[in-house]
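Given next are the chains, with one letter for each unit.
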Amino acid sequence: MKLKKLSVGLMTAVLTAGLLASPAMASEVTDAASVQNGTVTVQAAATENGTAGTGTSDDIQGEIKDTGKDDAENGTDQGEGKEDTGKDDGKGDIGKDDTGKDDGKEDEAFTGLKEIDGIWWYLTEGDVDESYTGLAENAYGWWYVENGRVNFDYFGLANNENGWWYVRGGGVAFDYVGFQANEAGWWRIEGGKVNFEANGLIPNENGWWCVQGGRINFDYTGLAENENGWWYVQGGKINFSYSGLVPNEAGWWKVTNGMVDFGFHGITNNEVGWWYLQNGCIDFGYNGLAQNEAGWWKFTNGQVDFGFNGMAGNAAGWWKFSGGKIDFTFNGIAPNESGSWYFRGGQLQFGYSGTVQWMGLNCTISGGKLVPVGVSGAIASRAASANSDTNWLIVTDTNACRTVVFYGQNGCWTAVKNLSCTPGKNSTPTVTGDFKVTGRGKSFGTDTYTCWYYTQFYGDYLFHSVIYNHGSMSSIQDGRLGMKLSHGCVRLAINEAKWIYDTIPNGTRVRIY
């Protein structure tokens, strides 16, 4: 049997065979023979095996080199180029030269790759070693041996004591830079060798990938950095179509087309709410006003406060808010802890002094502020700061003996009834404070008098009619109004008591002072 060197032409064809991608991720990650390297600052995951390739074929061949030399390299084949004599001593062709002569010395000690009848085998001390699977070297490179035979159909990763290597068409591809897969994942290959020290964002023709410890981390979703900026990575890959807010340990960031937009100043939203951003990051310390295309908004701790219905200021003035937004249509009086103020077009009018009609009452304004002059001003001032669980509000001035009923909503009330009443006398005064309507009834009394249409607001304290003779709605026993006379209830004309009884729901705020 003849022992021949593998022809240069055959070896070149083998080394230039096409890339066979792993079916699991071939369409997504498999790249061309050469790609750019990205550099990043992301923390590397701990990995095993870990030496980087040196990048050149000669150097890496020196690194990967195992044991054994091919005696075809040493000129020990005595019969090279000679005719076969046809003689056979019956011992077999392995180790023989082309003359058929064999002294049995060198081939018996040979360990390495040999071509036997056109097939390359791995020999151990002269014998074909079908138990051997791994990498082996000859003059043409390093080869993947499977069950003792070079497997020229193999594409994939194989390892030896010096690392993991990319094999293409049976031979280690020292010229390859890119990504390749095995059952443990997709790996960064440089100079044909897995680089376990590769960390960061690294591209191929299918995108940019987050590499940690040489392997693509498909579990990573978050922000990562390279020399071009900070990027949103989703499932291990930069998502260039993403725009929104993304957190990391330093805050929440505005991402536009996959990249953190450090130049963004303004308002944006996520599923939790609307936020104020400076330099691309939510400013949770911001309390103030900010504008977008929809209007001006009140921010508390960096977030739009849609529940805000008061007033707030900026460099341009003080403004009335409704639902967290400046209400430029508001004309009237609104309260804060310092008083009640006059607004036109949503802005506080510090320069105005005069009289205005508000909540159905005539009110005096001085320097933009409501002056509680007279009964109307005092009642209006208290109504301005009152909140009710219904669309109704009742305010009673016990000194002025007036009860005013308002309709509207918190901070925006309109007087619909302005009534003369009789509160408690000094010895049995009407209770003062904030209360709620809790019940009602048609009448109460004794065998000498009847009070009609009562509405309860605190214990035995009621709104009800003036006093009638027992059982009568026409015979008045005491009909005086406008003075402090009662035992603590608030008396009204019978028709007004019935209107409150019929109209005002339970839960309505009652403010008495």
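Everything below is about the structure shown above.
A short tour of the structure in this document, coming up. Because the structure is predicted, anything quoted here is derived from the model rather than measured. (Residues numbered from 1 in each chain as written. Predicted model: local features only at pLDDT ≥ 70, side-chain atom pairs only at ≥ 80, totals over all residues. Heavy atoms only, no water.)

Here we come to the pairing of strand β42 (residues 449-458). As defined by bridge partners, strand β41 (residues 439-445) adjoins β42 across six bridges and the pair is classed as antiparallel. Bridging from a neighbouring strand, Gly 445 pairs with Thr 450 of β42. Here three bridges tie β42 to strand β44 (residues 467-469), and the two strands are oriented antiparallel to one another. Pairing of Thr 450 across the sheet is with Tyr 468, part of β44. Pairing geometry for β42 and strand β43 (residues 461-465), over three bridges, is antiparallel. The partner of Thr 455 across the bridge, within β43, is Phe 463. (Pairing = 2+ DSSP bridges. Helix = DSSP H or I, 4+ residues; strand = E, 2+ residues; numbered from the N terminus.)

Quick look at the packing of aromatic side chains now. Under the definition given, this model contains 30 aromatic pairs. Geometrically, the ring pair formed by Trp 231 and Phe 240 is edge-to-face, given 5.6 Å between the ring centres and 70 degrees between the ring planes. Classification of Trp 231 as buried rests on a relative accessible area of 11%. Of the residues examined, Phe 240 reaches a relative accessible area of 41% and is grouped as partly exposed. One aromatic cluster in this structure is built from Phe 435, Phe 457, Tyr 458, Tyr 461 and Phe 463. One cation-aromatic arrangement involves Arg 188 over Phe 179; the distance from NZ or CZ to the ring centre is 5.6 Å. (Phe/Tyr/Trp six-rings, centres within 6.5 Å; stacked < 30°, edge-to-face > 60°. Buried < 20%, exposed > 50% of the residue type's maximum accessible area, 1.4 Å probe, protein only. Lys NZ or Arg CZ within 6 Å of the ring centre and 35° of its normal.)

Turning our attention to the sheet that holds strand β47 (residues 509-512). With mixed pairing, five strands are arranged side by side in an open sheet as β39-β38-β37-β47-β40. Both edges of this open sheet fall to β39 (412-420) and β40 (433-436), since each of them pairs with a single strand only. For this sheet the average axis-to-axis angle between neighbouring strands, irrespective of direction, equals 20 degrees. Both strand β38 (residues 402-409) and β39 contribute to a ladder of eight bridges, which runs antiparallel. When the bridges of β39 are listed, Val 405 appears paired with Lys 417. Sheet strands touched by helix α5 (residues 494-503): β37 (392-397), β38 and β39. Its angle to β39, the strand with the most contacts, is close to 145 degrees. (Axes fitted to C-alpha atoms, helices over the stretch in contact; angles between N-to-C directions. Contact = heavy atoms within 4.5 Å.)

Inspection of the entire model under this criterion finds eight salt bridges. For Lys 436, the salt bridge goes to Asp 389, with nearest N and O atoms at 2.5 Å. One end of the pair, Lys 436, is in strand β40; the other, Asp 389, is in the loop between α4 (374-384) and β37, with 47 residues separating them in the sequence. What makes Asp 389 exposed here is its relative accessible area of 58%. For Arg 480, the salt bridge is made with Asp 478, and the minimal N-O distance between the two is 3.0 Å. The class for Asp 478 is buried, based on a relative accessible area of 17%. (Salt bridge = Lys/Arg side-chain N within 4 Å of Asp/Glu carboxyl O.)

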